[in-house]
Amino acid sequence: MKEKITELESRRKKALLCGGEAAIEKRHAKGLLTARERIDLLVDADSFRETDMFVHKDGDDAPGDGVVCGVAKINGKNVCVFAQDFTVEGGSLGEMHAKKIWKVQDLSMKMGAPCVGLNDSGGARIQEACDALCGYGGIFFRNTAASGVVPQISAIMGPAAGGAVYSPALTDFIFMSEGTSYMFVTGPDVVKQVLNEDVTTEQLGGAKVHSSKSGVAQFVYQDDANLILGIKRLLTYLPSNNIEKAINRLSFYTSFVEKVDHFDIKTTKIKRNKKK
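Residues numbered from 1 in each chain as written. Predicted model: local features only at pLDDT ≥ 70, side-chain atom pairs only at ≥ 80, totals over all residues. Heavy atoms only, no water.

A.B. asks: Help me get a handle on the overall build of the protein, residues and values and all.
C.D. replies: Helices and strands together make up the secondary structure of the protein, namely 10 helices and 10 strands. Counting the 276 residues in the protein, one finds 48% classified as buried. Considering only intrachain contacts with a sequence separation of at least 6, the fraction spanning at least 24 residues in the protein is 64%. Carbon and sulfur atoms make up 55% of the accessible area of the protein, which totals about 14400 Å². (Helix = DSSP H or I, 4+ residues; strand = E, 2+ residues; numbered from the N terminus. Buried < 20%, exposed > 50% of the residue type's maximum accessible area, 1.4 Å probe, protein only. Contact = heavy atoms within 4.5 Å. Areas by Shrake-Rupley, 256 points an atom, 1.4 Å probe, with all protein chains shown as cover.)

In structure tokens form, the structure reads like this:
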């Protein structure tokens, strides 16, 4: 029994490290958070309960199969959350990755709770071929089934390319971060090959394009921390489902303040404004 418990703790420790310390440091150097750090900032303290922590494709050594899923509370209200982990397989979607998201979407409908997706993915996991495409189909089906039943919120916190871009477009609200989030079906290289046009990722699918031209994104923030604050604030305006009465006044309860002065990427701590 002791050996089993030791093995369990070892597997849990590995899962919590995502893609490893080197991958985490690389993200921090770019001013980006990991999937777990984003969830920690989003939800109420000690409220996150993870589902399927040890799930991954047979034969793969991919912690959590590149996505962290679970249920939590935000401002005291139940929510279902998933965050794609770019440090594991580039956040790409395979069969088990998709099934973990399916479970969160199903829980959202059963609980009558909002579903928040933190997207950071390079698209389908090519080596899984049709299994990955089937995974996307299941996500899209659940997006449409939940439409008008529970709020669905998507945060683009990195690339959302290929198949990864469709699901956010089917949700109710999309948040993007300046300079680090992109949404497009095909990237600049494909555009160059097909149309012989030079275009940057920002011009093709950056926050400015989608908030001012395409109309896909409703909210744009300067960094991860303020984007997450925006999600928390939006949820204070929304009922949890189509049965609950609409909220008629703002009851903004959160550990955040109206504006985040500074986010320390090394310690994942926020310096808050002082009350006047």
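A.B. asks: Describe the environment of Gly31, and please don't skip the residues or the numbers.
C.D. replies: In this structure, Gly31 sits in the loop between helix H2 (21-29) and helix H3 (35-42). Residues Gly31 and Thr180 lie 149 residues apart in sequence; the distance between their C-alpha atoms is 9.4 Å.

A.B. asks: Talk me through the side chain of Thr236; I want residue IDs and the actual numbers.
C.D. replies: Mapped onto the elements, Thr236 comes out in the loop between helix H10 (224-235) and strand S9 (260-264). From its side chain, Thr236 meets the backbone oxygen of Arg233 in a polar contact 2.5 Å long. (Polar contact = N/O pair within 3.5 Å; in protein donor to acceptor, adjacent residues only side chain to side chain.)

A.B. asks: Which residues make up the nonpolar core, and what values do they have?
C.D. replies: By size, the foremost hydrophobic cluster in this structure holds 25 residues, and its most contacted members are Ile39, Leu42, Val43, Leu118, Ile153, Ile231 and Leu235. Counting residues in each nonpolar core, the second largest holds 13 residues, with Val67, Cys69, Tyr136 and Ile139 among its members. (Core = buried A, V, L, I, M, F, W, Y, C linked by side-chain atoms within 4.5 Å.)

A.B. asks: An account of the packing of helix H4 (residues 95-111) against helix H5 (residues 129-146) is requested, with residue identities and associated values reported.
C.D. replies: Interaxial distance between H4 and H5 falls to 8 Å at its minimum, and their mutual angle equals 10°. The orientation of H4 relative to H5 falls into the category roughly parallel. Crossing hand, H4 versus H5: left-handed. Along the contact surface, H4 presents Glu95, Ala98, Ile101, Trp102, Gln105, Asp106 and Met109, while H5 presents Asp131, Cys134, Gly135, Gly138, Ile139, Arg142, Asn143, Ala145 and Ala146. When grouped by side-chain class, the residues that make up the contact of H4 with H5 number eight nonpolar, four polar and four charged. (Axes fitted to C-alpha atoms, helices over the stretch in contact; angles between N-to-C directions. Parallel < 35°, antiparallel > 145°, perpendicular 65-115°, else oblique. Left-handed = near helix turned anticlockwise from the far one by under 90°. Nonpolar A, V, L, I, M, F, W, Y, C, P; charged D, E, K, R; others polar.)

A.B. asks: Lay out H10 with the relevant residues and their values.
C.D. replies: With 12 residues, H10 should cover 16 Å at 1.5 Å per step; its first-to-last C-alpha distance of 17 Å lies within 8% of that length. Among the 12 residues in H10, 11 count as buried, and that is most of the element. Regarding H10, the residues found buried are Asp224, Ala225, Asn226, Leu227, Ile228, Leu229, Gly230, Ile231, Lys232, Leu234 and Leu235. Structurally, the start of H10 carries an N-cap: the backbone nitrogen of Ala225 is 3.4 Å from a side-chain oxygen of Asp223. (Expected span 1.5 Å × (residues − 1).)

A.B. asks: Give me the side chain of His210: which residues, what numbers.
C.D. replies: By secondary structure assignment, the location of His210 is in helix H9 (residues 207-212). Using a relative accessible area of 9% as the deciding quantity, one classes His210 as buried. Only 2.9 Å separates the side chain of His210 from the backbone oxygen of Met183, close enough to count as a polar contact. Beyond its immediate stretch of four places on either side in the chain, His210 contacts Met176, Met183, Gly205, Gly215, Val216 and Ala217.

A.B. asks: Quick rundown of the pattern of salt bridges? Include the residues and the values.
C.D. replies: According to the stated counting rule, one finds 12 salt bridges in the structure shown. Of the charged contacts in the structure, one is a salt bridge between Arg125 and Glu128, with a shortest N-O distance of 3.3 Å. Residue class for Arg125 comes out buried when judged on its relative accessible area of 2%. The class of Glu128 is buried, set by a relative accessible area of 8%. (Salt bridge = Lys/Arg side-chain N within 4 Å of Asp/Glu carboxyl O.)

A.B. asks: An account of a nonpolar patch on the surface is needed here, citing residue identities and associated values.
C.D. replies: A contiguous nonpolar patch, built from Val190, Val194 and Leu195 and spanning about 290 Å² of accessible area, is present on the exposed surface. With respect to the helices, strands and loops of the structure, Val190 is situated in helix H7 (residues 188-195). Here Val190 falls in the partly exposed class, since its relative accessible area comes to 40%. (Patch = residues over 30% accessible without salt bridge, like charges linked within 9 Å, V, L, I, M, F, W, Y side chains within 5 Å.)

A.B. asks: I'd like to hear about the packing of aromatic side chains, residue by residue, with values.
C.D. replies: Evaluation of the coordinates by the stated rule reveals five aromatic pairs. Summarising the aromatic geometry, the rings of Tyr136 and Phe140 are spaced 5.9 Å apart at their centres and angled 20° between planes, so their arrangement reads as stacked. Pair noted here: Tyr136 and Phe140 are both in helix H5, with a separation of four residues, about one helical turn. Both rings, one in Phe173 and one in Phe219, keep their centres 6.3 Å apart while their planes meet at 50°; by these two values the pair is tilted. With Phe173 in strand S6 (residues 173-177) and Phe219 in strand S8 (residues 219-221), this pair connects stretches of sequence that are 46 residues apart. (Phe/Tyr/Trp six-rings, centres within 6.5 Å; stacked < 30°, edge-to-face > 60°.)

A.B. asks: Run through unusual backbone geometry, naming residues and quoting values.
C.D. replies: Residues other than glycine seldom take positive phi values, yet Asn75 does so here, at roughly 55°. Structurally, Asn75 can be placed in the loop between strand S2 (67-74) and strand S3 (77-84). Among the residues examined, Asn75 registers a relative accessible area of 13% and is labelled buried. Phi is positive for Asn196, which is not a glycine, with a value near 60°. Mapped onto the fold, Asn196 is located in the loop between H7 and helix H8 (201-205).

Purely geometric numbers; function is a separate question.
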